[in-house]
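Secondary and tertiary structure notes
Spelled out from the first residue to the last, the chains are:
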Amino acid sequence: MTPFIAEVIGTMLLILLGNGVVANVVLKDTKGNNSGWIVITTAWALAVFVGVTVAGPISGAHLNPAVTIGLATAGKFSWDLVPSYIAAQMIGGMLGAFLVWLFHKDHFAITDDEGAKLACFSTGPAIRKFSSNLISEIIGTFVLVFTIFYFADPSLSLQADPTAKVGLGSIGAIPVTFVVWVIGLSLGGTTGYAINPARDLAPRIMHAILPVKGSSDWSYAWIPVIGPVIGAVIAALLYGFLK
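Note that the structure is a prediction, hence the values are computed from the model and not measured.

Right, let's talk about the pattern of salt bridges for a bit. For side chains of opposite charge, pairing can occur when their charged atoms come near one another. This model, assessed by the stated rule, comprises two salt bridges. Close ionic contact of Arg128 with Asp217 constitutes a salt bridge, the shortest N to O distance being 2.7 Å. Here Asp217 lies in the loop between helix H10 (197–209) and helix H11 (223–242) and Arg128 lies in the loop between helix H6 (114–119) and helix H7 (130–151), a separation of 89 residues in the sequence. Across the pair Asp200 and Arg204 runs a salt bridge, and its minimum N-O distance is 2.7 Å. One end of the pair, Asp200, and the other, Arg204, are both in helix H10, four residues apart, so they sit about a helical turn from each other.

So, in structure tokens, the structure goes:
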């Protein structure tokens, strides 16, 4: 197990369980069909718990390019490692999306709603207005990354243990689970709270590759990539300024 592999596996589990619950709720004739937003937000939070638990001791469990970039911007993570972490997260996201499709293949086949099928891979806006959608993703990710800094200053972990891996895993899986949960409940209704480029772009690529009918909505795809990055950078800069 290396940090690269840990980020692949952790992100794969995150997407398998996170997008898996969406498939369970929106695809036709599943046991969880129409079980609602509370089910989706709760399972997404617990999906983060699983991914962080597995990857935390090895890579720090970023599982999110926005977290990686935010930590690097704050000087808590080497910029030299950013490309490999993001590559691992994208690979993991694609693998997780493939497993969601494989697991629910029969239900994809009998579901006619193309929008519902796309929702099992990537996010989409409730009201399609790019300026508002971008603001939603910026604010949601800002809350995630800014709160992570205040759970536990990563520098404290490094002072206690110079070999500690900085990331979501450095604060423990349970606290970040609650943060993701409340973001989903409070701020997720406008865009589906991607707050993670690998959570949206990697599965969207798989949607375009796999035999799933319907548009991958590439005109919207930049929002859940750029928005989270901007939100993470703002959080890191504000944290540095306040500190």
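So that's the structure; there's more coming.
To continue, consider helix H4 (residues 82–103). Helix length check: H4 (22 residues) gives 31 Å between terminal C-alpha atoms against 32 Å at 1.5 Å per residue, within 8%. Taken as a whole, H4 has its buried residues at Val82, Tyr85, Ala88, Gln89, Met90, Gly92, Gly93, Gly96, Ala97, Val100 and Trp101. Taken together, the buried residues of H4 touch helix H1 (3–26), helix H2 (37–59), helix H3 (65–73), helix H5 (105–110) and H10.

Here we come to the confidence of the model for the protein. For the protein, the average pLDDT comes to 93, and 91% of its residues sit at 70 or higher. A low-confidence stretch, residues 156–160 (pLDDT under 50), is modelled with four contacts involving residues beyond four sequence positions or located in other chains.

The rules behind the values
Residues numbered from 1 in each chain as written. Predicted model: local features only at pLDDT ≥ 70, side-chain atom pairs only at ≥ 80, totals over all residues. Heavy atoms only, no water. Salt bridge = Lys/Arg side-chain N within 4 Å of Asp/Glu carboxyl O. Helix = DSSP H or I, 4+ residues; strand = E, 2+ residues; numbered from the N terminus. Expected span 1.5 Å × (residues − 1). Buried < 20%, exposed > 50% of the residue type's maximum accessible area, 1.4 Å probe, protein only. Contact = heavy atoms within 4.5 Å. pLDDT = per-residue confidence, 0-100.

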